[in-house]
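# Structural description and commentary
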Amino acid sequence: METGDIQEADLGMDISRERKNETIPPEAAFGRKVRARRQELRMTLAEVAEKSGLGRSFVSEIERDMVSPSIASLLKLCRALGLGLRDLFDEKPTALIRKAERRQVDLGGHGFVDYALTPRNSKHMLVTWTEFAPGATAGDDFYSLDADEELILVLKGAITVRFEDEDIEMAEGDALTFDPRRKRLLTNPLKNQPAVALMVYVPPPL
């Protein structure tokens, strides 16, 4: 059974050392993902085996879902392939999030409530249903987010987007796309009416 000082945090999943030698249940078939990643990197079985410290035949059996490897073995294999463990298990092409199941995320601001409409494992996009209380503001300090693109679609009420060099007034149905690294402030200019917006961030800034 393989051991070693492996940094689980680097692989995208928090796993205690006591769990490293647990085996993955047989129903969790992920061999094709391992094979696809190896082929994407144009690596041979022998190269993956050497880099991971696992046997060549063992890697081949993992790819064909013929064995249930320990988490320790998978950690080594993931490191060799530049994957996180969640990459092997979190494949849900269709994710339905019911209204009552939305999770709250903290993107800052006063009087804002952000609910994620995308699953936790979404790598390419974060979409939030954001509710602004009457007169809500992001504070006095301009801020930016670490993402490539941001879109704001006003679903209800009004929103003001203040940049350092201009203010943009948005009404219901208006959409604004901009670089989220551009410093801004968001406010609800209406003191007697809440606002709701759909916010899209690519990739997720969280």
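Up top is the structure.
A brief report on the enclosed structure follows. (Residues numbered from 1 in each chain as written. Predicted model: local features only at pLDDT ≥ 70, side-chain atom pairs only at ≥ 80, totals over all residues. Heavy atoms only, no water.)

### With respect to the overall build of the protein
- A tally of regular secondary structure across the protein gives 5 helices and 9 strands.
- Taken from N to C terminus, the helices and strands of the protein fall in the order α-α-α-α-α-β-β-β-β-β-β-β-β-β.
- The proportion of buried residues among the 206 residues of the protein is 38%.
- Of the contacts made within the protein by residues no fewer than 6 positions apart, 64% connect residues no fewer than 24 positions apart.
- Split by element, the accessible area of the protein, about 11,900 Å² in all, is 48% carbon and sulfur. (Helix = DSSP H or I, 4+ residues; strand = E, 2+ residues; numbered from the N terminus. Buried < 20%, exposed > 50% of the residue type's maximum accessible area, 1.4 Å probe, protein only. Contact = heavy atoms within 4.5 Å. Areas by Shrake-Rupley, 256 points an atom, 1.4 Å probe, with all protein chains shown as cover.)

### Points about the pattern of salt bridges
- Applying the stated criterion to the full structure yields 9 salt bridges.
- Two residues, Glu-63 and Arg-35, come together in a salt bridge whose shortest N-O distance is 3.6 Å. Taken as a pair, Glu-63 in helix H3 (residues 56-63) and Arg-35 in helix H1 (residues 31-40) lie far apart in primary sequence, 28 residues in all.
- The exposure class of Glu-63 is buried, given its relative accessible area of 5%.
- Among the ionic pairs, Asp-148 bridges to Arg-181, the shortest N-O distance being 3.5 Å. Placement of the pair is Asp-148 in the loop between strand S3 (126-137) and strand S4 (149-156) and Arg-181 in the loop between strand S7 (175-178) and strand S8 (184-187), with a sequence separation of 33 residues.
- Judged by relative accessible area, which is 45%, Arg-181 ranks as partly exposed.
- What emerges from the salt-bridge pattern is a single network uniting Arg-35, Arg-38 and Glu-63. (Salt bridge = Lys/Arg side-chain N within 4 Å of Asp/Glu carboxyl O.)

### Some points on helix H4 (residues 71-81)
- With respect to burial, H4 is a largely interior element, 10 of its 11 residues being buried.
- Of all the positions in H4, only Ile-71, Ala-72, Ser-73, Leu-74, Leu-75, Lys-76, Leu-77, Cys-78, Ala-80 and Leu-81 are classed as buried.
- At the C-terminal side of H4, Gly-82 shows a positive phi close to 70°.

### Side note on unusual backbone geometry
- Looking along the chain, the bond that leaves Val-202 and enters Pro-203 is cis, with omega of -10°.
- By the element assignment, Pro-203 lies in the segment after strand S9 (195-202).
- Phi is positive for Arg-42, close to 55°, though the residue is something other than glycine.
- Within the element layout of this structure, Arg-42 appears in the loop between H1 and helix H2 (45-52).
- The exposure class assigned to Arg-42 is exposed, which follows from its relative accessible area of 77%.

### Thoughts on the packing of aromatic side chains
- All told, the structure shown has 2 aromatic pairs when counted by the stated rule.
- On the numbers, 5.3 Å between centres and 80° between planes, the contact of Phe-163 with Phe-178 is edge-to-face. Here Phe-163, found in strand S5 (residues 158-163), pairs with Phe-178, found in strand S7; they are 15 residues apart in sequence, far enough to count as distant. Each of the two residues, Phe-163 as well as Phe-178, counts as buried.
- Its end group placed over the ring of Trp-129, Arg-102 keeps NZ or CZ at 4.8 Å from the ring centre.
- The ring of Phe-163 carries the charged tip of Arg-182 above its face, separated from the ring centre by 3.7 Å. (Phe/Tyr/Trp six-rings, centres within 6.5 Å; stacked < 30°, edge-to-face > 60°. Lys NZ or Arg CZ within 6 Å of the ring centre and 35° of its normal.)

### What about H2?
- Every buried residue of H2 is listed here: Leu-45, Val-48, Ala-49 and Ser-52. Taken down its axis, H2 places every buried residue within 100° of arc, on the same side. Among the exposed residues of H2, those pointing more than 90 degrees away from its buried face are Glu-50 and Lys-51.
- Of the surrounding secondary structure, the elements contacted by the buried residues of H2 are H1, H3 and H4. (Arc of directions from axis to C-beta.)

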